[in-house]
Amino acid sequence: MAVITESELRKHFRNQNMKEIAVYEAAAGTILTPSAKSFLTDHQIELRYVRVPENTTEAAVTEPAKEVKLQITKNLDVEPATEGKKRFRTLYGGFLETKPEHMTHLYGNMLVFKDHPRILFRGKLDSLETKLLEAQISCHKLNMTKLVEDLEEILQFVRKIVRCEVLSESIEEFHLLGMTPKELREQSHFPKKYFGLEHFQPSYDMGEAVVVINALRTMTRETELLAYQAFKQEHGSAEREDIIRTLNRLSSLFWIIMFRIRVGQYNS
């Protein structure tokens, strides 16, 4: 019985355009590792098991099957309705007539369990949005209008991250509060140069605004860790480095905002 790993699939598809591949066929009885199945799912490639003729040699059976390139004339994420009912796909190549409550959409009509790493990551992004809204209310009460506006820009940026993750879009180069990712890293690493302050441990006596922004920083770091868990590959590398890098720079931005607060840049 053959076993196909994520590494073998990556090697198999190495010089091919993944967007042109709709189906991957494997001999009936072949085992795909969990990470191999996730690889196919993340690239929206259907896993299809086929029966191998009895006279096929064992070597041919164990060799990774070729992908099938289809003439796509309709959305492959939606299966034809059966007697007027929509069918749902699962990670394991099967179909369901109804959506169970313990499952949710990964994309299209693909269902996964609600504790799937990418679903947990999306939930954390949702929580981060909520914390940003709460921070805006706190800063509004403190009459820090400019900070409220900066947090709104960050909120919209986080919502862009959500969109890019769900639609598998890459995050291009960006500016946040007028800074590039390189500038965000530079200012957060060398605060003495830009703000005249050394790195510090936040304290309640620094004021409510600093404490609120620090909470956003720590939640952003937690979100970054969940992003890594969601996109971690078989040997430790990550598929969506752009999302992980973006969240890392976002946590740097919150450090910068705390320094700005302490030197009075947000005073009315």
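Above: the structure in question.
Reading guide: rules and limits
- Residues numbered from 1 in each chain as written.
- Predicted model: local features only at pLDDT ≥ 70, side-chain atom pairs only at ≥ 80, totals over all residues.
- Heavy atoms only, no water.
- Core = buried A, V, L, I, M, F, W, Y, C linked by side-chain atoms within 4.5 Å.
- Buried < 20%, exposed > 50% of the residue type's maximum accessible area, 1.4 Å probe, protein only.
- Helix = DSSP H or I, 4+ residues; strand = E, 2+ residues; numbered from the N terminus.
- Contact = heavy atoms within 4.5 Å.
- Salt bridge = Lys/Arg side-chain N within 4 Å of Asp/Glu carboxyl O.
- Axes fitted to C-alpha atoms, helices over the stretch in contact; angles between N-to-C directions.
- Parallel < 35°, antiparallel > 145°, perpendicular 65-115°, else oblique.
- Nonpolar A, V, L, I, M, F, W, Y, C, P; charged D, E, K, R; others polar.

## Examining the nonpolar core
- In terms of nonpolar packing, the biggest core is built from 48 residues, with L151 and I257 touching the most fellow members.
- Every element with two or more residues in this core is listed here: α4 (117-141), α5 (145-166), α8 (208-231) and α9 (241-262).
- No other element matches the 12 residues that α9 contributes to this core.
- Setting aside chain neighbours within four positions, we find L151 in contact with L132, A135, Q136, C139, I213, L216 and F254.
- One finds I4, I21, Y24 and I45 within the second-largest nonpolar core, a separate group that totals 13 residues.

## Overview of the environment of K124
- Within the secondary structure layout, K124 lies in helix α4.
- Residues K124 and T223 lie 99 residues apart in sequence; the distance between their C-alpha atoms is 5.8 Å.
- In this view, K124 contacts M219, E222, T223 and L226; residues no more than four positions away in its chain are not counted.

## Quick notes on unusual backbone geometry
- Phi at N143 is positive, roughly 60 degrees, even though this residue is not glycine.
- Residue placement: N143 occurs in the loop between α4 and α5.
- Phi is positive for S168, which is not a glycine, with a value near 60 degrees.
- For S168, the position within the fold is in the loop between α5 and α6 (181-189).

## So, the pattern of salt bridges
- Under the definition given, this model contains 11 salt bridges.
- E169 is paired through a salt bridge with R163; the nearest N and O atoms lie 3.3 Å apart.
- Taking relative accessible area as the criterion, E169 reaches 28% and is therefore assigned partly exposed.
- Note on R163: relative accessible area 48%, which makes it partly exposed.
- With its nearest N and O atoms 3.4 Å apart, the salt bridge here joins E186 to K193.
- Using a relative accessible area of 26% as the deciding quantity, one classes E186 as partly exposed.
- Using a relative accessible area of 61% as the deciding quantity, one classes K193 as exposed.
- Each of R118, R122 and E165 takes part in salt bridges that share partners, so that together they form one network.

## Topic: the side chain of T33
- As for its placement among the helices and strands, T33 is situated in the loop between β3 (31-32) and α2 (34-42).
- Apart from the residues within four sequence positions on either side, T33 is in contact with V3, I4, T5 and E6.

## A few points about the packing of α5 against α9
- Between α5 and α9, whose axes approach to 12 Å, the crossing angle comes to 175 degrees. In terms of orientation, α5 and α9 fall into the roughly antiparallel class. Between α5 and α9, the contacting residues are L147, D150, L151, I154, F157, V158, I161 and E165 on the first element and I243, T246, L247, L250, L253, F254, I257, R260 and I261 on the second.
- Residues belonging to the contact of α5 with α9 are distributed by class as follows: 13 nonpolar, one polar and three charged.

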